[in-house]
Amino acid sequence: MLFNSIAFIIFLPIVACLYFLIPHRYRTLLLLIASGYFYIVFVPKYIFILLFLITADYFLAQFIEKETGRKRKLLLLASILISIGTLGFFKYFNFFSENVAVLTNFLNWNYSPAILSLILPLGLSFHIFTSLSYVIEVYRGKYKPEKNFLTYALYVSFFPKLVAGPIERPYNLLPQFHEMHDFDYDRITAGLQRILWGFFKKIVIADNLALYVNQIYNQPHEYSGIVLAVATALFAFQLYCDFSGYTDIAIGSAQIFGFKLMENFNLPYFSVSIAEFWRRWHISLSSWLSDYVYYPLVLSSKRIGRIKIYWALFVTFVLIGLWHGANWTFIAFGAVQGIYLIFGQITKNWRQRLAQITGLSQWPRLYRVLQTVITFSLISLGFVFFRANTLSDAYFIATSSLFGLASLIKGPEALMLLFQRMGVDRSIFLPIIAIFIIAEVIDFRRGLFATINSQRIWIRWFIYIVAVLAIMNLGVTFEAPFIYVRF
Amino acid sequence: MKRLLFMSVFNMKKFFYQLIIFIALIVIGQTIVARYITPYYPERLLLDKYSRDKTRIIYFGDSVIKYAGPDDKDKSTIAEMLSRINPTTTIGDISHGGYYLKIDEEVFKYILKSPNKPEAIILPINLHSFSPGVKGPGYQFEKEIFYLRMPRLVTYFYKPLAIFKAININTVKYSDYSQLPVYYGKEKIGVAGDFDNPYVYSSDTESVRKLYVFTFMQDIDKSHEQLKSLNNIIDLANKSDIKSYVYLTPINFDEGVKYVGLDFIKQTTANAEVVCSVLKEKNIPCLNLAFSLDSGYFASPIYPNEHVNEKGRKFIAEQITKFFLNK
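Residues numbered from 1 in each chain as written. Chains lettered and ligands numbered in written order. Predicted model: local features only at pLDDT ≥ 70, side-chain atom pairs only at ≥ 80, totals over all residues. Heavy atoms only, no water.

Asker: How would you explain the overall build of chain A if you had to name every residue and give the values?
Answerer: Looking only at helices and strands, one finds 20 helices and zero strands in chain A. Its C-alpha radius of gyration of 24 Å places chain A within 12% of the 23 Å reference for a compact globule of 487 residues. Projecting the C-alpha coordinates of chain A onto the three principal axes gives extents of approximately 70 × 70 × 50 Å. Burial statistics for chain A: of 487 residues in total, 55% are counted as buried. Surface summary for chain A: the accessible area is close to 22900 Å², and the carbon and sulfur share equals 68%. Charge separation in chain A, taken as the distance between the mean sites of 40 positive and 24 negative side-chain charges, equals 9 Å. (Helix = DSSP H or I, 4+ residues; strand = E, 2+ residues; numbered from the N terminus. Rg over C-alpha atoms; globule rule 2.2 N^0.38 Å. Buried < 20%, exposed > 50% of the residue type's maximum accessible area, 1.4 Å probe, protein only. Areas by Shrake-Rupley, 256 points an atom, 1.4 Å probe, with all protein chains shown as cover. Lys, Arg positive; Asp, Glu negative; His and termini not counted. Charge placed at Lys NZ, Arg CZ, Asp CG, Glu CD.)

Written out as structure tokens, the structure is:
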């Protein structure tokens, strides 16, 4: 079931009403059944994969807790192998097979690749990482394994975060399933506010931006320069509104039931460096890889040199890229981010010195704006690899976008030409972007919901009604699933 | 504990009362938006107006009946020209984005439910509409059919229902449509995807030839779904004592011959005869204007479409008057 479907609009209030009407002891079961239903609406048979992974990790974690030494390590290894093996089979098998074929052809060996007709189970990467973090935390002795199978199953499969995260940690979510949550007016209205904002970002902004971005990215060679540059910047907004919109709906839905999911975004486009961006963007994934890949790599030996840090950074970000999908474009996306970070580390002192020499450091606000713009530009350029259909398309778009930015400086006539070529309906398109940017600035300065909640009731209601009507009328009617659902 | 329970129940009541008020405001707001600010299918309002005005003749059609070329001095539609020639009658036109009798059938059913029915309908048949192209995603008119079938209040929620996929407005997927067989006469020459690809358009000679073949060269018989709809419309009109004036709209046969050869005339003549034979069985006269105008009367000579210029529209209006209205 997708969040942006009528099925979910009906499903959520029914489950919420039942949740508050039944005794606390049955609530886990109710949420588990609801989550199972939520999942089987996509492809019913994939519930068995989910069930298998839940059962395997539940028992392995119990055994890990009881064992010590080598056996304990072997059990952890078994859990990792099952999880990564399942992920690898469904997500990476064909990619691996195709690339082996390319290599063997290059070496003039006769090899025909085995290509399986597999459909990736929705949200597989998300619930495998959720499950893995639980087993690793139990192995590290930081978390006691959950005794109740149903509670553990709900931890992995809780429907708001099942198909696109946030990737939860056991110590944040599991204890909440043992708490009793009453009907709380303030909490529920706050959850609904969050859902509303999520829908606005996804349906009004992301889906409309997708119209233009898809048109250009699906035939990039038809366009050049400035059009590609603007489409690239628009994709950055589309991706953010799509994914953070999903996260808002997930967090808001969980909040209605009384659960607090971890935040996944913290105004990432206000970052002043790439490192800060990755602390604010898809936080649950970047912190997961930081905890379970980057730090273990860095701390794997006693000596922590610069080269080792850079190597760990690079590997972590290539894995982030690969996590997104079995395609060289995603690997390149991760590698570019890794290179950005390493370059940022190497040049940190030089850049600070440059700011002092030019006098920029004496104008902290201007300096910050400049850093934000540069960071956003670099991130947008990196997202070219995320969105482009092929590596050659990505190269074409990235290089043309750089020239496009140069022509942007030429004057407003270039922008007018851009709008004409894109066929942009400015009467709707530009105000939507403007509203979003204003909302983000308010969120950055004072907090968006805090600002709304401080208004008089009729202003608040006016904002809610306008937002709902915008969602109901400005969305697109073609199929527009959330981007991250396919990961 | 009791106090907590009281607060919880009090909060719940407060929440649900507010929710009901909020939903009511949203319904009112959506009604205002869909009725007055952005009506998604104003044609339904137009049909209601025709009924209120007791319009005597309803003229069905697509963009051809409204199109005016850039060089036209008189930009009047065919219905407006007809009204000028026949000042004693009232004519209202209703058009949609492509000749497709299924939508005409739906519109007619809607008209029949209105308090004041017309005395006659004018129904143009375009040989273009027998192309496999009308089976494609863009010609299913799901939105229009939804508007014509549903109660008015429900139609105000068309857009949100479509956004949240509560109604299927993409009944035909391009991937399915692209596999439909395409015939040259009776011989299968490929699939729709070979001829009609929305992502590739070229104006070279071979591409235009393929488009003419795709549009006009398929052999048709009386079981064609367009002709089924035509039969249904005539039957419904007969039952309600409404006259049916049916004509075959001009096609740009000069260009067709140029790109396809004389086969073009043979095939389109045969297809026109099938249409007229269906009308004959219902005792409806067939005004065949398909081959009445040379390419000088058409506004766009390249792509196969039947948009006529001022002279062409005037010709059609005069022929309808002579053949039907002046009798």
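Asker: Describe the packing of helix H12 (residues 283–298) of chain A against helix H13 (residues 306–324) of chain A, naming the residues involved and giving the relevant values.
Answerer: Residue and element names in this part refer to chain A. Taken N-terminus to C-terminus, the directions of H12 and H13 make an angle of 140°; their axes are 9 Å apart at the nearest point. In terms of their interaxial angle, H12 and H13 are classed as oblique. As for the relative orientation of H12 and H13, their crossing is right-handed in sense. Taken together, the residues of H13 that come into contact with H12 (itself represented by Leu285, Ser286, Leu289, Val293, Tyr294, Leu297 and Val298) are Lys308, Ile309, Ala312, Leu313, Val315, Thr316, Leu319, Ile320, Trp323 and His324. A class-by-class count of the residues in the contact of H12 with H13 yields 13 nonpolar, three polar and one charged. (Axes fitted to C-alpha atoms, helices over the stretch in contact; angles between N-to-C directions. Parallel < 35°, antiparallel > 145°, perpendicular 65-115°, else oblique. Left-handed = near helix turned anticlockwise from the far one by under 90°. Contact = heavy atoms within 4.5 Å. Nonpolar A, V, L, I, M, F, W, Y, C, P; charged D, E, K, R; others polar.)

Asker: Tell me about the interface of chain A and chain B, residues and numbers included.
Answerer: Facing the 27 residues of chain A at the interface are 26 residues of chain B. Interface area for chain A against chain B, summed over the two sides, is near 2500 Å², with a carbon-plus-sulfur share of 71%. On the chain A side of the contact with chain B, Phe183, Tyr185 and Met472 of chain A bury the most area, a combined 28% of that side's loss. There are zero salt bridges connecting chain A and chain B. At the junction of chain A with chain B, the criterion picks out five residue pairs in polar contact (both at pLDDT 80 or more). Every element with two or more residues in the side of chain A that touches chain B is listed here: helix H1 (6–21), helix H9 (185–217) and helix H20 (457–474) of chain A. Counting residues per element, the side of chain A that touches chain B draws most heavily on H20 of chain A, which supplies eight residues. (Buried area = accessible area lost by both parts, 1.4 Å probe. Salt bridge = Lys/Arg side-chain N within 4 Å of Asp/Glu carboxyl O. Polar contact = N/O pair within 3.5 Å; in protein donor to acceptor, adjacent residues only side chain to side chain.)

Asker: Can you explain the domain arrangement of chain A? Please cite residues and give values.
Answerer: Residue and element names in this part refer to chain A. Partitioning chain A into domains gives domain 1 (6–180) and domain 2 (187–265 + 388–486). Distance between the C-alpha centres of domain 1 and domain 2: 30 Å. On the domain 2 side, the residues contacting the 26 residues of domain 1 number 22 residues. Where domain 1 abuts domain 2, roughly 1900 Å² becomes buried across the two surfaces, and 73% of that area is made up of carbon and sulfur atoms. (Domains from an automatic or database assignment.)

Asker: Which residues make up the sheet that holds strand S3 (residues 120–125) of chain B, and what values go with them?
Answerer: All names here are of chain B. On the basis of which strands lie adjacent, the open sheet formed by five strands has the order S2-S1-S3-S6-S7 and parallel pairing. Unpaired on one side and paired on the other, strand S2 (91–95) and strand S7 (286–288) mark the two borders of the sheet. Each neighbouring strand pair of the sheet contributes to a mean axis angle of 20°, computed without reference to strand direction. Of the strand pairs in this sheet, strand S1 (residues 57–61) and S2 are connected by five bridges, and their pairing is parallel. By the bridge assignment for S2, Tyr59 is matched with Asp93. Against the sheet, helix H2 (residues 42–52) touches S1 and S2, its axis set at about 160° to S2. Contacts from helix H4 (residues 101–113) reach S1, S2 and S3 within the one sheet, and its direction differs from that of S1 by about 155°. (Pairing = 2+ DSSP bridges.)

Asker: So what's going on with the side chain of Ser83 of chain A? Which residues, and what values?
Answerer: The residue Ser83 of chain A is located in helix H4 (residues 69–106) in this model. Those residues in contact with Ser83 of chain A that sit more than four places away from it in its chain are Leu53, Asp57, Ile128 and Leu132 of chain A.

Asker: Go over the pairing of S2 of chain B with me, naming the residues and quoting the values.
Answerer: Residue and element names in this part refer to chain B. Most of S2 sits out of view: five of its five residues are buried. Side chains Ile91, Asp93 and Ser95 project from S2 onto one buried face, and the interleaved Gly92 and Ile94 project onto a second face that is buried too. For the crossover from S1 across helix H3 (residues 78–85) to S2, the handedness is right-handed. (Right-handed = clockwise from strand over helix to strand, strands pointing away.)

Asker: Break down the environment of Ala480 of chain A for me, with residues and values.
Answerer: For Ala480 of chain A, the position within the fold is in the segment after H20. Spatially, the C-alpha atom of Ala480 of chain A lies 26 Å from that of Ile226 of chain A, the residues being 254 residues apart in sequence.

Asker: Which residues make up helix H14 (residues 328–358) of chain A, and what values go with them?
Answerer: Residue and element names in this part refer to chain A. Most pronounced at Thr347, the bend in H14 amounts to some 55°. The backbone nitrogen of Thr329 has a side-chain oxygen 3.1 Å away, supplied by the residue at the start of H14, namely Asn327. Positive phi shows up at Gly359, right after H14, with a value of about 85°. (Bend = angle between axes of the 7 residues up to and from the residue.)

Asker: Help me get a handle on unusual backbone geometry, residues and values and all.
Answerer: Residue and element names in this part refer to chain A. You will see that Leu267, though not glycine, has its phi angle at about 45°, which is positive. As for its position among the elements, Leu267 is in the loop between helix H10 (225–257) and helix H11 (274–280). Here the phi dihedral of His282 falls at roughly 40°; this positive angle occurs in a residue that is not glycine. Checked against the element boundaries, His282 lands in the loop between H11 and H12.

Asker: Go over the pattern of salt bridges, please, and point to the residues and values.
Answerer: Residue and element names in this part refer to chain B. Scanning the model with the defined rule gives 21 salt bridges over all chains in all. The residue Glu106 makes a salt bridge to Arg149 at a minimum N-O spacing of 2.6 Å. Remark: Arg149 occurs in helix H5 (residues 142–149) and Glu106 occurs in helix H4; sequence separation between them is 43 residues. Ionic pairing is found between Lys186 and Asp219, a salt bridge with its closest N-O pair at 2.5 Å.

Asker: Report on the confidence of the model for chain A, specifying residues and quantitative values.
Answerer: In the predicted model, chain A carries a mean pLDDT of 88, and the fraction of residues at 70 or more is 95%. The least confident element of chain A is helix H17 (residues 412–422) of chain A, whose mean pLDDT is 58; the most confident is helix H6 (residues 149–157) of chain A, at 95. (pLDDT = per-residue confidence, 0-100.)

Asker: Now, about the side chain of Ser131 of chain B: what can you tell me, with residues and values included?
Answerer: Residues and elements named next belong to chain B. Structurally, Ser131 can be placed in the loop between S3 and H5. Polar contacts involving the side chain of Ser131 include one to the main-chain amide nitrogen of Gly133, which spans 2.8 Å. A polar side-chain atom of Ser131 sits 3.2 Å from the main-chain carbonyl oxygen of Phe214. Every residue in contact with Ser131, bar those within four places of it in the chain, is listed here: Phe214 and Thr215.

Asker: Requested: an account of a nonpolar patch on the surface, with residues and values cited.
Answerer: Together, Ile21, Leu25, Ile28, Ile32, Tyr36 and Ile37 of chain B line one region of the surface with nonpolar side chains, adding up to about 620 Å² of accessible area. On the secondary structure map, Ile21 of chain B appears in helix H1 (residues 2–37). (Patch = residues over 30% accessible without salt bridge, like charges linked within 9 Å, V, L, I, M, F, W, Y side chains within 5 Å.)

Asker: I'd like a rundown of the packing of helix H5 (residues 124–139) of chain A against H6 of chain A, residues and numbers included.
Answerer: Residues and elements named next belong to chain A. Contact geometry of H5 with H6 gives a least axis separation of 8 Å together with a crossing angle of 135°. For the element pair H5 / H6, the angle class is oblique. Seen from H5, the contacting residues are His127, Thr130, Ser131, Ser133 and Tyr134; seen from H6, they are Tyr152, Tyr155 and Val156. When the residues that make up the contact of H5 with H6 are grouped by side-chain class, the tally is four nonpolar, four polar and no charged.

Asker: A description of the packing of aromatic side chains should follow, citing residues and the corresponding values.
Answerer: Per the stated rule, a full pass over the model turns up 88 aromatic pairs over all chains. Taken together, a centroid distance of 5.4 Å and an interplanar angle of 75° make the contact between Phe20 of chain A and Phe183 of chain A edge-to-face. With Phe20 of chain A in helix H1 and Phe183 of chain A in the loop between helix H8 (170–173) and H9, this residue pair connects regions lying 163 residues apart in the sequence. Note on accessibility: Phe20 of chain A and Phe183 of chain A belong to one class, buried. Measuring from ring centre to ring centre gives 5.3 Å for Trp281 of chain A and Phe383 of chain A, while their planes differ by 45°; the resulting arrangement is tilted. Of the two residues, Trp281 of chain A sits in the loop between H11 and H12 while Phe383 of chain A sits in helix H15 (residues 364–387), which places them 102 residues apart along the sequence. On the basis of relative accessibility, which here comes to 1%, the residue Phe383 of chain A falls in the buried class. If you follow Lys161 of chain A out to its NZ or CZ, it ends over the ring of Tyr155 of chain A, 5.5 Å from the centre. Here the basic side chain of Lys311 of chain B rests over the ring of Tyr297 of chain B, its NZ or CZ set 4.8 Å away from the ring centre. (Phe/Tyr/Trp six-rings, centres within 6.5 Å; stacked < 30°, edge-to-face > 60°. Lys NZ or Arg CZ within 6 Å of the ring centre and 35° of its normal.)

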